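The lines below spell out each chain.
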Amino acid sequence: MLPVNRRLVLPLVVFLAGALALAAAAILTFSPSRQGQSGTASVGGPFSLTTQDGKTLTDKDLRGAPFLVFFGFAHCPDICPTKLFEISEVLRAAGPKGEKLRALFVTVDPERDTPEVMKSYLGSFDPRIIGLSGDRPAIDAMIKAYRAYARKVPTKDSDYTMDHTALVYLMAKDGSFVGAFNIEQPPAQAAQEWLRHL
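Model, not experiment: these values are computed from the prediction.

Draft legend 1. Spotlight on helix α5 (residues 187-195). Within α5, burial applies to Ala 190, Ala 191, Glu 193, Trp 194 and Leu 195. The elements touched by buried residues of α5 are β3 (67-72), α2 (79-94), β4 (102-107) and β8 (168-171).

Structure, rendered in structure tokens:
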């Protein structure tokens, strides 16, 4: 009777060990990084993309002031224009103290969102919002670095739209991740939160 029990216990032990290993891998993948004592997640990193004015912008160019990052696309029917309007209102509410503040609008659809398209699209919003485009590998690398999500979705008319993360990221003046930025709070309150990181 004892050998039979042993044969039953061994697969169970192997199964539990595998389950624990998977759980540990998930925790290590999605837990905050151990960099510093801040406990913030490992979000962000180096990038080199093209602005709506055709100039190269890197993460190093933004050092010295906190900035926002928002992923979207120019053909977005509602979420993107709403978020960009809200960001514009926060920048306006920041007043003269906010002249160094910048927000990045990073396209998830670089095949359509050329710098020229981005320039035309962003003309309706605050000029401190910088549109960023680039080739697909560079855009995908930034999406991955920010743990964002983007996926092409075909539409009935043989066209496509993009599903994407609607989170606004607040980055510190050294380029490190502060957290998700609540853009839906009153503009003056959001501006004060942003300015606290100057």
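The structure having been displayed, the exposition proceeds.
Draft legend 2. Fine view of the pairing of β8. Along β8, one buried face is formed by Val 168 and Leu 170 and the opposite face, lined by Tyr 169 and Met 171, is buried too. Relative to strand β9 (residues 177-180), β8 runs antiparallel, the two being bridged by three bridges. Across the sheet, Leu 170 pairs through a bridge with Gly 179, a residue of β9.

Draft legend 3. Broad picture of the environment of Gly 98. Here Gly 98 lies in the loop between α2 and β4. It is 8.8 Å that separates the C-alpha atoms of Gly 98 and Trp 194, two residues lying 96 residues apart in sequence. If we skip the residues at most four places from it in the chain, Gly 98 touches Arg 128 and Leu 195.

Draft legend 4. Molecular detail of helix α3 (residues 115-122). Within the span of α3, buried status applies to Met 118, Tyr 121 and Leu 122. Considered in projection along α3, the buried side chains sweep an arc of 85° and stay on one side of the axis. Across from the buried face of α3, at angles greater than 90 degrees, the exposed residues are Glu 116 and Ser 120. At its buried positions, α3 is contacted by α2, β4 and β5 (129-133).

What counts and what doesn't
- Residues numbered from 1 in each chain as written.
- Predicted model: local features only at pLDDT ≥ 70, side-chain atom pairs only at ≥ 80, totals over all residues.
- Heavy atoms only, no water.
- Buried < 20%, exposed > 50% of the residue type's maximum accessible area, 1.4 Å probe, protein only.
- Helix = DSSP H or I, 4+ residues; strand = E, 2+ residues; numbered from the N terminus.
- Contact = heavy atoms within 4.5 Å.
- Pairing = 2+ DSSP bridges.
- Arc of directions from axis to C-beta.

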